[in-house]
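So the chains spell out like this:
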Amino acid sequence: MSASASAVTTERSQAFPAIGWAGLVAGVLDISSAFALSYPKGVGPIRVLQGVAAGLIGRESMNGGLATAGLGLAIHFFIAFVAATVFYLASRKLVFLTQNAVLAGLVYGVVVYGCMYWIVMPLAYPVVHPSLSRDLTAVCVHMLLIGLPISLIVRRFSRSQLSTFNPQLPQ
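This paragraph deals with the layout of surface pockets. When its volume is computed, the largest pocket comes out at roughly 1,400 Å³. Around the largest pocket, the lining comprises 39 residues; the ones closest to its centre are Ala34, Val48, Val52, Tyr117 and Met121. For the lining of the largest pocket, the secondary-structure elements that each account for two or more residues are helix 1 (3-38), helix 2 (45-57), helix 3 (65-93), helix 5 (101-124) and helix 6 (132-165). Considering each element in turn, the lining of the largest pocket owes the most residues, eight residues, to helix 1. Looking at the lining of the largest pocket, its residues break down into 25 nonpolar, nine polar and five charged. If you add up the space inside the second largest pocket, you get close to 210 Å³. Those elements that place two or more of their residues in the lining of the second largest pocket are helix 3 and helix 5. Among the elements that make up the lining of the second largest pocket, the one with the highest residue count is helix 5 (six residues).

So this is what it looks like as structure tokens:
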């Protein structure tokens, strides 16, 4: 097997675990924070997940019981895996994303926040009343619990791949 074919095989073998772990960890941290932030307001986990499903099927999701809560959970993790995939693919072209994983992750969290709160959520909920405390909390959650874990996990899987090409790179 040639060196370039070996590199492609190694990259492919690292892509799935990098994206899988990054999406899973970010998804668990994000939904856990949503549950924790909603609890003091009297909103339980099922209602939170039904709210996620409402983005796809509308307000009737709130009457769908566990079925729409399950759909909301699936949508939530789909979004987390998409976010992980986008970062992983970008890091293949922009090496500084893994070389400066902490800064890149924090910035990526802001980018994910922007996409979710300025594009995705307005499509699902056309009338959203802005709140400085809610928005600051959401930015922090996206930076620390989504962007940062994704970048650090992708870097972890990238290091083993990059060390194949550069023996001087620390493990």
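There's more to say after this.
Attention shifts here to the pattern of salt bridges. If you walk through the whole model with that rule in mind, you get one salt bridge. The salt bridge involving aspartate 135 is made with arginine 134; its shortest N-O contact spans 2.8 Å. Since its relative accessible area comes to 29%, arginine 134 is described here as partly exposed.

Moving on, we get to the packing of helix 3 against helix 5. Relative orientation of the contacting elements helix 3 and helix 5 amounts to 130 degrees, with a least axis distance of 12 Å. Put simply, helix 3 runs oblique to helix 5. The two elements helix 3 and helix 5 cross, and the hand of that crossing is right-handed. Counting all contacts with helix 3, which are made through Ile79, Ala83, Val86 and Phe87, the residues of helix 5 involved are Ala104, Tyr108, Val112 and Met116.

All right, on to the environment of glutamine 50 then. By the secondary structure assignment, glutamine 50 is in helix 2. Through-space distance from the C-alpha of glutamine 50 to that of alanine 67 is 8.7 Å; in sequence the pair is 17 residues apart. Beyond its immediate chain neighbours, meaning those up to four positions away, glutamine 50 contacts Ser61, Met62, Gly64, Gly65, Thr68 and Ala69.

Turning our eyes to something else, we now look at the packing of helix 2 against helix 3. Between helix 2 and helix 3, the least distance of the axes is 7 Å, while the angle of their chain directions is 70 degrees. Judged by the inter-axis angle, helix 2 sits roughly perpendicular to helix 3. Along the contact surface, helix 2 presents Ile46, Leu49, Gln50, Val52, Ala53, Leu56 and Ile57, while helix 3 presents Gly65, Leu66, Thr68, Ala69, Leu71, Gly72, Leu73, Ile75 and His76. A class-by-class count of the residues in the contact of helix 2 with helix 3 yields eleven nonpolar, five polar and no charged.

Take the side chain of serine 151 next. Turning to its location among the elements, serine 151 is positioned in helix 6. A residue is classified by how much of its surface remains accessible, and serine 151, at 0% relative accessible area, is buried. Dropping the residues within four chain positions of it, serine 151 is found in contact with Phe87, Ala101 and Gly105.

Further remarks concern the side chain of glutamine 50. For glutamine 50, a relative accessible area of 3% corresponds to the buried category. Looking at glutamine 50, its side chain comes within polar contact range of the side chain of arginine 47, at 3.2 Å.

Turning next to the packing of aromatic side chains. By the definition in use, this model includes three aromatic pairs. Positioned above the aromatic ring of tyrosine 88 is the side chain of arginine 92, whose terminal nitrogen or guanidinium carbon lies 4.2 Å from the ring centre.

Criteria and cut-off values
- Residues numbered from 1 in each chain as written.
- Predicted model: local features only at pLDDT ≥ 70, side-chain atom pairs only at ≥ 80, totals over all residues.
- Heavy atoms only, no water.
- 1 Å grid on protein atoms, 1.4 Å probe; cavity = no way out; pocket = protein on both sides within 12 Å on 5 of 7 lines; lining within 4 Å.
- Points joined across faces, edges and corners; volume = space filled by probe spheres on them.
- Helix = DSSP H or I, 4+ residues; strand = E, 2+ residues; numbered from the N terminus.
- Nonpolar A, V, L, I, M, F, W, Y, C, P; charged D, E, K, R; others polar.
- Salt bridge = Lys/Arg side-chain N within 4 Å of Asp/Glu carboxyl O.
- Buried < 20%, exposed > 50% of the residue type's maximum accessible area, 1.4 Å probe, protein only.
- Axes fitted to C-alpha atoms, helices over the stretch in contact; angles between N-to-C directions.
- Parallel < 35°, antiparallel > 145°, perpendicular 65-115°, else oblique.
- Left-handed = near helix turned anticlockwise from the far one by under 90°.
- Contact = heavy atoms within 4.5 Å.
- Polar contact = N/O pair within 3.5 Å; in protein donor to acceptor, adjacent residues only side chain to side chain.
- Phe/Tyr/Trp six-rings, centres within 6.5 Å; stacked < 30°, edge-to-face > 60°.
- Lys NZ or Arg CZ within 6 Å of the ring centre and 35° of its normal.

All we've got here are geometric facts, nothing functional implied.
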